[in-house]
Structure formats: C-alpha cells, structure tokens
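# Descriptive structure summary
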Amino acid sequence: MKNRLLLPLLAIILTASLAACGGSNSSSASPTTSIVSTSNYAVGGVISGLASGSLTLKNNGGDALTVSVSSSTFTFATPLANGAAYAVTVGAQPSGLICTVTNGTGMVASADVTNVAVACATTAYEVGGTVSGLSSGASVVLQDNSSNSTTVSANGSFTFDTPLANGTSYAVSVLTQPSGLYCSVTNGVGTVANSAISNVAVTCTTPFAYVTNQGDNTVSMYSIGSSGVWTLLSTPTVSTGRTPNGITINPAGTYAYVANNGENTISMYSVGANGILMPLSTPTVIAGPNPYQIAINSAGTYAYVINGSTNVLMYSIGSNGILTPLTTPSVAAGNFTQSITLNPAGTYAYVTNYGDSTVSMYAVGNNGILTPLSTPTVATGLGPPAITVNPAGTYAYVANYAANTISMYAIGSNGVLTPLSTPNVTANGNPFAITFTPAGAYAYVANSGSGTISMFAVGSNGILTPLSTPTIAAGSGAIAVKVNASGTYAYVLNGNISNVSMYSIGSNGILTPLSTPTVATGPSPWDFTILH
C-alpha cells in the first residue's frame, strides 16, 4: 500500500527536477508558458468642470482623445500591456478653460488605470492699460465689451473690475468723454491668451478744427470745447498758398496738408500739441494743375491728390511728414475730378468725375500706387462733387449736385461699386457733401443750393431713409459737413456767409443747433477738417 502511494509522488518530483534542469520535452514547457500574461489594460479616469468647448487629451504623446462637453469619464482607445508606461497630457485646451491632469503618469500593473483625474476651471485674467492726457479734475469712463465700466480720474494705469476667462474677446471703448477732451483707444481689441492684458492705451487730447479760407489764403484754427462749440486758438490762423481748397490731417494727427488750387502746390504742416499748425522745413511740394482735394490712407503712409483735371497724384509720406511723388507719380481719372476717398482698410480708392458723371475705381497696391479695377468706372447722377464710404466700408454714397440726389452703392469684395436695389434718394437742393455718424447709423448731406442739411437713417441694406424731421436749416452755400469722433456734434461749413453752423446730434439722429449756433471763419471758406 505504501509503495503504490510513493510511486506517483516520485514521478512528480522527477518531473519538477527535469524542468528545473532545463528539460526540453513538451510536457515540461507547458506550465512555464501558462504563467506569462498577454492581457492589455485600458487607461482612463475622471474629468470635472468641462462646462464648455471640447478638450483633447493625449497618452504618451499620441492616441489623441477628444472629450466632449459635460463628460465625467474618459478612456483612451488604445489599451496598454501590463508593465507599460503611460503619460496623460492635455493636447488642446477648451475655449475659456484651463484643464490640468493629476495622477497622469505611471506603469500599468495588471489592471485598468482609472485614477487619472482631469480638472477644468475658468482662468480669469485682468484687462487694463494706461491713460494719458487727462487734465486735472477731468475723468473718462471706459467700458469693456459694452459693459463692465470703470471711471479713470488721473493719468496712469487702470484695470477693469471683472477679469475675463482665457480665450475671451475684449473690446475697450470710451463710454463718456472727459469735459473738453477727446480720448481715443489703441490696442483695445483682442483675445485673452493665458495672460493679463495690460497694453490698452487711452490717449486724451483737446480736439481741434481747421478751415481753409480762399479769401485771404489762410487756415483758421479752433479748439472744440466740451459743449461742442469752436473757439479760435491764440494763434487764430496760419498762411497757406494761393486759393486753398482741401485740407486733411494724417491719422496720427501729427501732420496737416492743404491743396493750394491757385498756385499748384501742397502746403505741409506739423500739428503742435496746442493744435497750432507750423510749416515744415520743406513747406510746400509741387502738385499738378489746380490741386483740389487730398486723401491719406489709414496707415498714414501715402497721400493722393486730385487736381481738378483728369488724374490723381500719388505721394509717399516720410517720417518727417514731407510728401514725395511715387515712382509712378500719377494715374488717369475721368473729366474734372472733384473728390477722392479710400475705404477704411485703405485697399480701394474712389474718385468722382464731375465732368462725365462717373466714379473711377482703383486698387491700392502695397507700394501705394493706384491701379484701375477691372471695371474701372461706375455711373453716378449728374455732376457728382463728392463720394463717401460708410464707416464699415460696405457701402459708398455719391452726392449728385446737378441731379439733387444721392447715389447708393454696395462695395464688392473686389472693390467694385454696384448700385443698390434702390439706387438713389432725393436730397434737398444741390447736395455737395455727405458724412456719417461713427457707428454708421445716420447720414447727413450738405445742400449748397438750399442752405440745408438733409438727415437720413441708414438701413442694414445700406439704403438711406429720411428722418421724421428730414431737413434742418444751415447757412447759404453749405458745402461741407463733418461729425465729431464721438458722434455727439455735427458741423456745416457755409461758404457764402463765412461761418460754421454747429449742432448736437440727438439719440434719434436729428440735429439741434447749439446755444451758440455759429462761429465765424475767414473769408470764402472752402473746406474743413476735425482733429481728434
């Protein structure tokens, strides 16, 4: 009995000994193979705070996984073998959130990995910058994204109270201007990108106005008060060339230019901090015959002069403000050019040709040179003295002096003007100029023949519609109209009676004469501009 039990035990011992000694028969290899694991294990975990957008996770630099909003768990598509390393990272953050990973690295240990934790939270950054130019006792009210206002009462840094999440857009603007000053914003629009915004610059200056006077060859110079009224500067005028017509100021507000129709030159000035114009060291540059009006591109690098005949003169503007003719000094236009304007982007230019009732259309090259579009002209009404582009750069409008109408056009992506479905609207007696409020909601037309201002609402389709009060009296020979940068005041130059009519602009767009309704100019004024 004992021997029968002992024999099987000896056989088991012998088999184990052979395996330990490297025995090669098949029966001894089978147990060794069976203890090696071939299983793969999932890698994942939990996620919290993913309230918006989508999140991309990666494992070991690859195996990207997009996690959708409101998810609470995640698992990568590719499992890993036992003993393999894993490293979970964020491949792309969701908009407005910052997601962080904990327990993201380790080794697979014969089980699914489920303890990786991803937490998403809103990261907020301050938006602010600096204010300069405020006078003692003055304050400016700023706003971000049309809300979140803050009042700044001294020069220096400012910060809005409400920070913004990463990826959020910001748009800083002036809600309330300080008394007697105009504040402009630069670097005011952008997107928060993982850091605070501190480079918004608010610059406050006294606004000024300038009028060319053909009767005595001068420019009258004014400051504009907080009530909108103009006041002559301590140095009230500066000399020009003979018969000054158009006047313009570069976008930076540092240089001014006057077209001297009677002597074929352009007068060039620097603009002092006190608003006074001072002739440059090179005070004039030669223009073509009878220069009439000047336009400057939005970058302030090129100037364009129409000369009342059949071409456009082209200049570069040096860092010292001096004009230099381009290598191609002129481009052909139509008969008796009367006005020139550029779209806000500075990519297209438009010239009215009074003699043949057309608008010439050009592309503006990187070198400043104008090139006629493939469709070089578009018809207008009879006798167009002026063209204006709306602030958004989507529509153009032409005042037709001899037809008593305003022609209305859409601006195509190629710059070509196309008449609107309602191609024109009636004005009120020899319209000579047109302008818009800064937001583009209202338009005003100076009617030279009737001494009135036509007032229009601007539809979303670009069509002008007369306001409930369609006109308001100006003065005899109303030939120019401008609106201040805040959209609070409008001004009309009355050429026959040598003054400027001054108005406040109501919330409904209707003009109301100021308590001081006019201010005198020099004799026979022709054009004016406002410096903000």
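Everything quoted here is computed from the prediction, not taken from an experiment.

This paragraph deals with the overall build of the protein. On a plain count of helices and strands, the protein comes out with two helices and 48 strands. Relative to a compact globule of 532 residues, whose C-alpha radius of gyration would be 24 Å, the protein shows 37 Å and is clearly more extended. Taking the principal axes of the C-alpha coordinates as reference, the protein spans close to 145 × 55 × 50 Å. Across the 532 residues of the protein, 48% fall into the buried class. In the protein, the share of contacts with a sequence separation of at least 24, taken over all contacts with a separation of at least 6, comes to 48%. As displayed, the protein has an accessible area near 22800 Å², and 54% of this comes from carbon and sulfur atoms. Across the protein, 5 positive and 9 negative side-chain charges occur, with their mean positions spaced 36 Å apart.

Relative to strand β35 (residues 370-379), strand β34 (residues 358-364) runs antiparallel, the two being bridged by six bridges. Paired with Ser360 across the strands is Thr377, a residue of β35. Between the end of β34 and the start of β35, which pair antiparallel, lie five residues, with Gly368 showing a positive phi angle near 85°.

The next thing to look at is unusual backbone geometry. Note: most residues except glycine have negative phi, and most peptide bonds are trans. With a phi angle near 55°, Ser110 is a residue other than glycine that sits in the positive phi range. In this fold, Ser110 is placed in the loop between β9 (105-107) and β10 (113-121). In this structure Ser110 comes out as partly exposed when scored by relative accessible area, which is 47%. The phi angle at Asn430 is positive, at roughly 55°, despite the residue not being glycine. Structurally, the position occupied by Asn430 is in the loop between β39 (417-426) and β40 (431-436). For Asn430, a relative accessible area of 23% gives the class partly exposed.

Read from one edge to the other, the open sheet built from four strands follows the order β4-β3-β7-β9, with strand pairing classed as antiparallel. The open sheet has two edge strands, β4 (62-67) and β9, and neither has a second partner. Looking at each pair of strands side by side, their axes are set apart by 25° on average, direction ignored. Direction of pairing for strand β3 (residues 55-59) relative to strand β7 (residues 85-92): antiparallel, over a ladder of four bridges. Across the sheet, Thr56 pairs through a bridge with Ala92, a residue of β7.

To continue, consider the side chain of Thr521. Position of Thr521 relative to the elements: it lies in the loop between β47 (511-520) and β48 (525-531). Excluding residues within four positions of it along the chain, Thr521 makes contact with Val211, Asn213, Ser220, Tyr222, Leu493, Ser498, Asn499 and Val500.

Moving on: the sheet that holds strand β43 (residues 464-473). Within the open sheet, the four strands sit side by side as β40-β41-β42-β43. Their pairing is antiparallel. A single partner strand is all that each edge strand has here, and the edge strands are β40 and β43. When strand polarity is set aside, the average angle formed by the axes of neighbouring strands in this sheet is 20°.

Time to look at the packing of aromatic side chains. Enumeration according to the criterion identifies ten aromatic pairs in this entry. Where Tyr222 meets Trp230, the ring centres are 5.0 Å apart and the plane angle is 45°; that geometry is what we call tilted. You can call Tyr222 buried: its relative accessible area is 0%. For Trp230, a relative accessible area of 3% gives the class buried. Among the aromatic residues, ring-to-ring pairing joins Tyr222, Trp230, Tyr491 and Phe528 into one connected group.

Here we take up the pattern of salt bridges. Under the defined criterion, the tally for this structure stands at one salt bridge. Note that Asp527 is salt-bridged to Lys482, the shortest N-O span being 3.8 Å. With Asp527 in strand β48 and Lys482 in strand β44 (residues 478-483), this pair connects stretches of sequence that are 45 residues apart. The exposure class assigned to Asp527 is buried, which follows from its relative accessible area of 12%.

This part is about the state of the cysteines. Following the criterion strictly, the structure yields two disulfides and no others. In this model, Cys99 is linked to Cys120 through a disulfide, with the two sulfur atoms separated by 2.0 Å. Its torsion about the S-S bond being 110°, the disulfide of Cys99 and Cys120 is classed as right-handed. Taken together, the residues span a long stretch of sequence, with Cys99 in strand β8 (residues 98-102) and Cys120 in strand β10 at a distance of 21 residues. The residues Cys99 and Cys120 share a single accessibility class, namely buried. Disulfide partner of Cys183: Cys204, at an S-S distance of 2.0 Å. Disulfide Cys183 to Cys204: torsion about the S-S bond roughly 105°, handedness right-handed. With Cys183 in strand β18 (residues 182-186) and Cys204 in strand β20 (residues 197-205), this residue pair connects regions lying 21 residues apart in the sequence.

The next subject is the environment of Ser184. Within the secondary structure layout, Ser184 lies in strand β18. Judged by relative accessible area, Ser184 falls into the partly exposed class, the value being 29%. The spatial distance from the C-alpha of Ser184 to the C-alpha of Ser524 is 33 Å, given a sequence separation of 340 residues. Ignoring sequence-local partners within four residues, the contact set of Ser184 consists of Ala201, Val202 and Thr203.

All right, on to the confidence of the model for the protein then. Counting all residues, the mean pLDDT for the protein is 91, and 93% of those residues have values of 70 or more. Here residues 1-36 is modelled with pLDDT under 50, and outside its nearest four sequence neighbours on either side it reaches three contacts, counting other chains as well.

A separate point is the side chain of Asn245. Structurally, Asn245 can be placed in strand β24 (residues 244-249). Of note is the side chain of Asn245, whose polar atom sits 2.4 Å from the side chain of Gln214. When residues no more than four places from it in sequence are discounted, the contact partners of Asn245 are Thr212, Gln214, Ala259, Asn261, Pro291, Tyr292, Trp526 and Asp527.

What follows concerns the environment of Ala473. Within the secondary structure, Ala473 is located in strand β43. Residue class for Ala473 comes out exposed when judged on its relative accessible area of 54%. Ala473 sits 40 residues away from Pro513 along the chain, and the two C-alpha atoms are 9.2 Å apart. The residues contacting Ala473, other than those within four sequence positions of it, are Gly451, Thr452 and Tyr503.

How each quantity is defined
Throughout this document, residue positions are counted from 1 along each chain, in the order its sequence is written. In view of the model being predicted, local features appear only for residues whose pLDDT reaches at least 70, and side-chain atom pairs are presented and counted only at 80 or more, with totals across whole chains, interfaces and linings using the full set of residues. Working from all heavy atoms in the structure, the side-chain values ignore hydrogens and water. Working definition: helices are DSSP H or I runs of at least four residues, strands are E runs of at least two. Numbering for both runs from the N terminus. To get the radius of gyration, use the C-alpha atoms; to get the globule rule, take the number of residues to the power 0.38 and multiply by 2.2 Å. When a residue's accessible area, from a 1.4 Å probe over protein chains only, is under 20% of the maximum for its type it is buried; when over 50% it is exposed; and in between it is partly exposed. By the convention used here, residues are in contact when the closest approach between their heavy atoms is within 4.5 Å. Per-residue accessibility takes into account occlusion by the displayed protein chains alone, with areas from the Shrake-Rupley method and a 1.4 Å probe. Charged residues are defined narrowly, with Lys and Arg counted positive, Asp and Glu counted negative, and His plus the chain ends left uncounted. The atoms used to mark charge sites are NZ of Lys, CZ of Arg, CG of Asp and CD of Glu. What makes two strands pair is DSSP finding at least two bridges between them. Fitted lines through C-alpha atoms give the axes, limited to the stretch in contact for helices. The angle between two N-to-C directions lies from 0 to 180 degrees. A pair of Phe, Tyr and Trp rings is counted when the ring centres sit within 6.5 Å of each other, with Trp represented by its six-membered ring. The angle between the planes then sorts it: under 30 degrees is stacked, over 60 is edge-to-face, the rest tilted. Here, a salt bridge means any side-chain nitrogen of Lys or Arg that lies within 4 Å of a carboxyl oxygen of Asp or Glu. Any two cysteine sulfur atoms within 2.5 Å of one another count as a disulfide. Scored from 0 to 100, pLDDT reflects the predictor's confidence in each residue. In the analysis that follows, any N or O atom pair within 3.5 Å is treated as a polar contact, provided that within protein one partner can donate a hydrogen and the other can accept it, and provided that, for residues neighboring in sequence, both atoms belong to side chains.

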